[in-house]
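# Structural features, examined
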Amino acid sequence: MNNGKRVEDLENYGASLEMPKGAVKAQFRIMLKALRKQFGLWGMPGVFLDTYLIQRRLRRDFPETRRRAAEIGKIIEKELFTLSGLFLALAKRLGRKEAYEFLKHEVIYELALTSMPLLYQVPELKRCDGDVFENFKKMNIALFERTTEDGTWLMEGYEDEPDKLTIKITTCTNVELFNELNVPELGRFGCDHDVAGFSAIEPDVNCEFRRFRTIANGDDHCLFEFYRRGTAPDNAHLNI
């Protein structure tokens, strides 16, 4: 039921893109659960110690990357080095490929179920005046207009059609920053988060998400396609 509120009045409309505070708290719980499952209670302290020491080294060795991340936001700067330190600590034990798969499936996919609804304020969005899919499109346009203004994720352009929104992104801060820290695997985490997160909120926002090109996957741009539910081609399994 609409409540007389416009989508433009939502707190996150046109706000800088960063992990919602509620999701940061959830991430810690998810991480603890995953590490305990993988390494047991007695194996966890060693992972924590390595993570702490590695991220300290990264902060010391890459001051320019740290500065760039901090300019975007404190949460992004903290997440950048925490995830990088944890990944390298896990890679010592599991190998880089298995460390990535572990974080992807046990942490990022689980986190997206909490963070994506918070990012788009889904409960409030559903109660805004007007068509929920149209409002969801507006949220995405405003989001990437802001990232373009901030110089982080640059939107080259978008096409707004009645049953579809297409957005072309030509730079990815995730890829750039993680590459600078020599952990290119983590540049894909934002993509992994999108695939799991958009899938989780699709019914609520009357949308179907498709993305077959990403910078993290080696393409020269990311192409986001948001279809009105029931109009998308049957190829969601190709999302990256």
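Described below are features of the structure shown in this document. None of the values given here were measured: they were computed from a predicted structure.

Attention now moves to the packing of helix α2 (residues 63-72) against helix α3 (residues 74-94). Two elements in contact, α2 and α3, have axes separated by 5 Å at closest approach and are oriented at 140°. Put simply, α2 runs oblique to α3. Together, Thr-65, Arg-66, Ala-69, Ala-70 and Ile-72 of α2 and Lys-74, Ile-76, Glu-77, Leu-80 and Phe-81 of α3 make up the contact between the two elements.

Moving on: α3. Its 21 residues place the ends of α3 30 Å apart at the C-alpha level, agreeing with the 30 Å of an ideal helix rising 1.5 Å per residue. Across the 21 residues of α3, 15 count as buried, placing the element largely inside the fold. Phi turns positive, to about 90°, at Gly-95, one or two residues after α3.

This paragraph deals with the side chain of Arg-228. Within the element layout of this structure, Arg-228 appears in strand β4 (residues 222-228). Exposure remark for Arg-228: the relative accessible area of 18% places this residue in the buried category. For Arg-228, the side chain forms a polar contact with the main-chain oxygen of Pro-162, separated by 3.3 Å. Those residues in contact with Arg-228 that sit more than four places away from it in its chain are Asp-131, Phe-133, Glu-134, Pro-162, Asp-163, Asn-206 and Glu-208.

What follows concerns the sheet that holds strand β2 (residues 164-169). Strand order in this open sheet of 4 strands is β1-β2-β4-β3, and the pairing throughout is antiparallel. The open sheet has two free edges, formed respectively by β1 (155-161) and β3 (207-210), since each of these has just one partner strand. Sheet twist, expressed as the average angle between the axes of neighbouring strands with direction ignored, equals 15°. As judged from the 6 bridges shared by β1 and β2, these two strands associate in the antiparallel manner. Residue pairing across strands places Met-155 opposite Ile-169, the latter belonging to β2. Most of the contacts of helix α8 (residues 189-205) go to β3, to which it runs at about 160°, and overall it touches β3 and β4.

A word on the pattern of salt bridges. Pairing is possible between side chains that carry opposite charge, provided their charged atoms lie close to one another. Inspection of every chain in the model, using the stated rule, returns 26 salt bridges. Linking Lys-137 and Asp-160 is a salt bridge whose minimum nitrogen-to-oxygen distance equals 2.6 Å. Here Lys-137, found in helix α6 (residues 132-150), pairs with Asp-160, found in strand β1; they are 23 residues apart in sequence, far enough to count as distant. Overall, the relative accessible area of 2% leaves Lys-137 in the buried class. Given a relative accessible area of 42%, Asp-160 falls into the partly exposed group. Among the ionic contacts, a cluster of salt bridges with common partners joins Asp-131, Glu-134, Lys-137, Asp-160, Asp-163 and Arg-228.

With that out of the way, let us pick up helix α7 (residues 173-180). Listed as buried for α7 are Thr-173, Val-175, Leu-177 and Phe-178. In this fold, the buried residues of α7 make contact with α2 and α3. Phi turns positive one or two residues past the end of α7, at Asn-182, with a value near 65°.

As for its placement among the helices and strands, Tyr-13 is situated in the segment before α1 (21-61). According to the relative accessible area criterion, Tyr-13 is partly exposed, its value standing at 27%. Along the chain, Tyr-13 and Ile-141 lie 128 residues apart, while their C-alpha atoms are 9.4 Å from each other.

What follows covers a nonpolar patch on the surface. Taken together, the side chains of Leu-49, Tyr-52 and Leu-53 define a hydrophobic patch exposed on the protein surface, amounting to about 300 Å² of accessible area. One can find Tyr-52 in helix α1.

Before going further, it helps to spend a moment on the side chain of Asp-194. Along the polypeptide, Asp-194 turns up in helix α8. The residues contacting Asp-194, other than those within four sequence positions of it, are Met-116, Ser-199, Phe-209, Arg-211 and Phe-224.

Moving on: the packing of aromatic side chains. If you walk through the whole model with that rule in mind, you get 12 aromatic pairs. Taking the centre distance of 5.0 Å and the plane angle of 50° together, the rings of Tyr-120 and Phe-136 count as tilted. Taken as a pair, Tyr-120 in the loop between α4 (96-119) and α5 (122-127) and Phe-136 in helix α6 lie far apart in primary sequence, 16 residues in all. The pair formed by Tyr-120 and Phe-136 is uniform in burial state, with each residue classed as buried.

The rules we used
- Residues numbered from 1 in each chain as written.
- Predicted model: local features only at pLDDT ≥ 70, side-chain atom pairs only at ≥ 80, totals over all residues.
- Heavy atoms only, no water.
- Axes fitted to C-alpha atoms, helices over the stretch in contact; angles between N-to-C directions.
- Helix = DSSP H or I, 4+ residues; strand = E, 2+ residues; numbered from the N terminus.
- Parallel < 35°, antiparallel > 145°, perpendicular 65-115°, else oblique.
- Contact = heavy atoms within 4.5 Å.
- Expected span 1.5 Å × (residues − 1).
- Buried < 20%, exposed > 50% of the residue type's maximum accessible area, 1.4 Å probe, protein only.
- Polar contact = N/O pair within 3.5 Å; in protein donor to acceptor, adjacent residues only side chain to side chain.
- Pairing = 2+ DSSP bridges.
- Salt bridge = Lys/Arg side-chain N within 4 Å of Asp/Glu carboxyl O.
- Patch = residues over 30% accessible without salt bridge, like charges linked within 9 Å, V, L, I, M, F, W, Y side chains within 5 Å.
- Areas by Shrake-Rupley, 256 points an atom, 1.4 Å probe, with all protein chains shown as cover.
- Phe/Tyr/Trp six-rings, centres within 6.5 Å; stacked < 30°, edge-to-face > 60°.

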